[in-house]
Number of protein chains: 2
Amino acid sequence: MTSPSLSSFFEELTAPENFQSKKQQLDDFSTKHLEQKNRIVLITSGGTTVPLESKTVRFIDNFSIGRRGATSAEYFLKQGYAVLYLYRHRSLQPFHHRLDKNILDVLTVDSTNGTTISVQTPFLESLAPIVQQYHRYHDSGMLCQVDFTTLDEYLLLLRAACNALSWFGRSALLYLAAAVSDFYIPAAQLPEHKIQSSNGKLQLSLEMTPKLLKPLVKDWVPNAFTVSFKLETDPKIMISKAKGALETYKHQMVIANLLHTRRKEVVMISSDLEEKVSLTDEELDAGKEIEEPLIARLVDIHAATLG
Amino acid sequence: MTSPSLSSFFEELTAPENFQSKKQQLDDFSTKHLEQKNRIVLITSGGTTVPLESKTVRFIDNFSIGRRGATSAEYFLKQGYAVLYLYRHRSLQPFHHRLDKNILDVLTVDSTNGTTISVQTPFLESLAPIVQQYHRYHDSGMLCQVDFTTLDEYLLLLRAACNALSWFGRSALLYLAAAVSDFYIPAAQLPEHKIQSSNGKLQLSLEMTPKLLKPLVKDWVPNAFTVSFKLETDPKIMISKAKGALETYKHQMVIANLLHTRRKEVVMISSDLEEKVSLTDEELDAGKEIEEPLIARLVDIHAATLG
């Protein structure tokens, strides 16, 4: 299922202590929704860390607080998908991320007639639907959240999630929005202890992370509808990089976006499609989110492949 | 006030867009508490980022979610200090960090008699004191929170805060718990765009960050009581590194701690003191926090210097 060199790469990864229980969580969630014949989406979200020391004080990180993933998860839930949300520890989570105001500011304790805590009136209107939707999807078991921190944890959990999702065939959608590090330092080359600044300038040499999209598409979930993301800062290379990825990995879609306009415009690129999804400034100001039309369109395209 | 080479280092730093308004916030808070003759503590908390590209996708970060800073801030508030809390964006904040359970889990919407949101009974008991303390200290203006992300932002805000605190003389305590990067890449050496993985291995060369503790102690707040932290992973060098820092910077105290035991044991080191503060396993299990005895002891030591 995996080439020998990739197998040995995986063997050298450092699994988190609770990897088995997380894997079990993925498996149980998948099995349940397979039985219920639900469509399922795996969303990866947030950045991965690459430690610079084995007792880690310093690490390289990728910019992503997980807004794309958290927001998209909500729209997939509203479209009836079971959502497996693989996210960076302490990055944004569906519904919860909408509590952008410090929640403590809007809570009041009343001890006159037994202790109660209530939400102050002006905030009720915006908070109530968030609380309701959160409970609707959590309580019905449509959302499963599993977190990672390091690149190693992400890769091991991604492989485990793909194994679980392979049984869904074409009903599984993969929405790989996590910002995964392209570079890493192999465990064997890491210094054990915190790098001392008294040693002078710091020279780092990082290896390239194997591109797991290749075995994922070819071997792990060959029938799934796989969507990857291409985030660039240079508009001149965005589309060509996205098309290059599609050609290399032969998956179903790349969503291309630029760091500074990613909340206003994205481009869906597949073998027979190059379609821009964008919001006007008025829509943005009114609080509309680009993930709403994007996920709606994506769900249609996925449905069409199910025949 | 600052040496020529350090002045030029500061001139090359990239200030955040809202730097002036943050500076104003620091100044207003300090002025108010100077008039009220309050003792004041500047707490720095969380890690700093060092961008690897000027349109930043990747960066080096320091491990710290800010638990030491957030918890210490609460104990300083309880001791009557005005607290200037300079913290990494999205790291832990006083009181708020105690909502470790997903707050949405414990909220319920009731729409029977007009919409209300309330906290479910079993969680009332633990949540009520957090909400009450949060409001007590925020509403009385004893806590001022200002956030940073990059190393540059941190350094500029630290200097601004020191300028504001210099008027307090010995009544100011500096509690520098932030994990500040020892290395950085000067802005002029940064690539503009996202580093492409197609270029192969990544070689990075980082310069040493100037040690700002030196001008801070000597020039910026020469009369303040300054406490720095020394976090190590190797127990063999912890005490000697801490004593070395004290000798180099000639400030009042170093708090030494090890990454893996930092919530159980710290050592306060000053010119005439080497004192361990620790918790038993029973105290830890009962939820006691090492910051409670640590801040109590520190406040006593600070008070003794005020005569």
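In this text the structure is predicted, and so the values were computed from the model without any measurement. (Residues numbered from 1 in each chain as written. Chains lettered and ligands numbered in written order. Predicted model: local features only at pLDDT ≥ 70, side-chain atom pairs only at ≥ 80, totals over all residues. Heavy atoms only, no water.)

Counting residues at the interface gives 65 residues for chain B and 66 residues for chain A. When the two sides are added together, the surface that chain B and chain A hide from each other amounts to roughly 5900 Å², 59% of it contributed by carbon and sulfur. Counting the surface chain B buries against chain A, the share from its top three residues, Arg90, Leu104 and Ile117 of chain B, is 12%. Scanning the region where chain B abuts chain A turns up four salt bridges. Residue lysine 201 of chain B pairs with glutamate 207 of chain A through a salt bridge whose shortest N-O separation is 3.2 Å. Going through the elements one at a time, strand E3 (58-62), helix H4 (103-106), strand E5 (107-110), strand E6 (116-119), helix H5 (121-139), strand E10 (202-208) and strand E11 (225-232) of chain B are the ones with two or more residues in the side of chain B that touches chain A. Of the residues assigned to the side of chain B that touches chain A, the class counts are 30 nonpolar, 22 polar and 13 charged. Pairing analysis gives five bridges linking strand E3 (residues 58-62) of chain A to E3 of chain B, with the strands arranged antiparallel. For aspartate 61 of chain A, the partnering residue across the bridge sits in E3 of chain B and is phenylalanine 59 of chain B. (Contact = heavy atoms within 4.5 Å. Buried area = accessible area lost by both parts, 1.4 Å probe. Salt bridge = Lys/Arg side-chain N within 4 Å of Asp/Glu carboxyl O. Helix = DSSP H or I, 4+ residues; strand = E, 2+ residues; numbered from the N terminus. Nonpolar A, V, L, I, M, F, W, Y, C, P; charged D, E, K, R; others polar. Pairing = 2+ DSSP bridges.)

It is worth spelling out the packing of aromatic side chains at this point. Under the counting rule described, the total for this entry stands at 18 aromatic pairs over all chains. Arranged with centres 5.8 Å apart and planes meeting at 10 degrees, the rings of phenylalanine 95 of chain A and tyrosine 137 of chain A form a pair that is stacked. You can see phenylalanine 95 of chain A sitting in the loop between strand E4 (82-88) and helix H4 (103-106) and its partner tyrosine 137 of chain A sitting in helix H5 (residues 121-139), a full 42 residues away along the chain. Like phenylalanine 95 of chain A, the residue tyrosine 137 of chain A is buried in the burial classification. Both rings, one in phenylalanine 76 of chain B and one in tyrosine 81 of chain B, keep their centres 5.3 Å apart while their planes meet at 65 degrees; by these two values the pair is edge-to-face. By relative accessible area, which is 0% here, phenylalanine 76 of chain B ends up buried. (Phe/Tyr/Trp six-rings, centres within 6.5 Å; stacked < 30°, edge-to-face > 60°. Buried < 20%, exposed > 50% of the residue type's maximum accessible area, 1.4 Å probe, protein only.)

Let us look at the layout of surface pockets. All names here are of chain B. Considered as a void within the structure, the second largest pocket measures approximately 220 Å³ in volume. As for the second largest pocket, its lining consists of 14 residues, and the residues nearest its centre are Phe225, Gln252, Ser270, Ile301 and Thr305. When the residues that make up the lining of the second largest pocket are grouped by side-chain class, the tally is six nonpolar, six polar and two charged. (1 Å grid on protein atoms, 1.4 Å probe; cavity = no way out; pocket = protein on both sides within 12 Å on 5 of 7 lines; lining within 4 Å. Points joined across faces, edges and corners; volume = space filled by probe spheres on them.)

In this section: the sheet that holds strand E9 (residues 183-184) of chain A. The four strands lie next to each other as E9(A)-E10(A)-E10(B)-E9(B), forming an open sheet whose pairing is antiparallel. Lying at the two open borders of the sheet, with one neighbouring strand each, are E9 of chain A together with strand E9 (183-184) of chain B. As paired strands, E9 of chain B and E10 of chain B are joined by two bridges and run antiparallel to one another. Looking across to E10 of chain B, one finds that tyrosine 184 of chain B is bridged to glutamate 207 of chain B.

This paragraph deals with the state of the cysteines. Per the counting criterion, the structure on display carries zero disulfides over all chains. Here cysteine 162 of chain A is not disulfide-linked; the sulfur of cysteine 144 of chain A is the nearest cysteine sulfur, at 14 Å. (Disulfide = S-S within 2.5 Å.)

Turning our eyes to something else, we now look at a positive patch on the surface. A contiguous patch of positive charge on the surface is contributed by Arg67, Arg90 and Arg263 of chain A together with Arg67, Arg90 and Arg263 of chain B. Examined against the element boundaries, arginine 263 of chain B turns out to sit in the loop between strand E12 (253-258) and strand E13 (265-270). Exposure remark for arginine 263 of chain B: the relative accessible area of 46% places this residue in the partly exposed category. (Patch = residues over 30% accessible without salt bridge, like charges linked within 9 Å, V, L, I, M, F, W, Y side chains within 5 Å. Areas by Shrake-Rupley, 256 points an atom, 1.4 Å probe, with all protein chains shown as cover. Lys, Arg positive; Asp, Glu negative; His and termini not counted. Charge placed at Lys NZ, Arg CZ, Asp CG, Glu CD.)

Attention now goes to the UniProt feature "domain: DNA/pantothenate metabolism flavoprotein C-terminal" (unreviewed entry) in chain A. Mapped onto the present numbering, the UniProt feature "domain: DNA/pantothenate metabolism flavoprotein C-terminal" (unreviewed entry) falls on residues 169-263 of chain A. The distance separating the terminal C-alpha atoms of residues 169-263 of chain A is 31 Å; by composition the span is 21% helix and 29% strand. (UniProt positions renumbered as here; feature names shortened; annotations may be inferred.)

This part covers the pattern of salt bridges. Tallying each qualifying case throughout the model produces 35 salt bridges over all chains. The partner of lysine 236 of chain A in a salt bridge is aspartate 234 of chain A, and the shortest N-O contact between them spans 3.5 Å. Two residues, aspartate 281 of chain A and lysine 264 of chain A, come together in a salt bridge whose shortest N-O distance is 3.6 Å. In this pair, aspartate 281 of chain A is assigned in helix H9 (residues 281-285) and lysine 264 of chain A in the loop between strand E12 (253-258) and strand E13 (265-270), connecting sequence segments 17 residues apart. Given a relative accessible area of 45%, aspartate 281 of chain A falls into the partly exposed group. Via salt bridges that share partners, Glu53 and Arg58 of chain A together with Asp182 and Lys211 of chain B belong to a single interconnected network.

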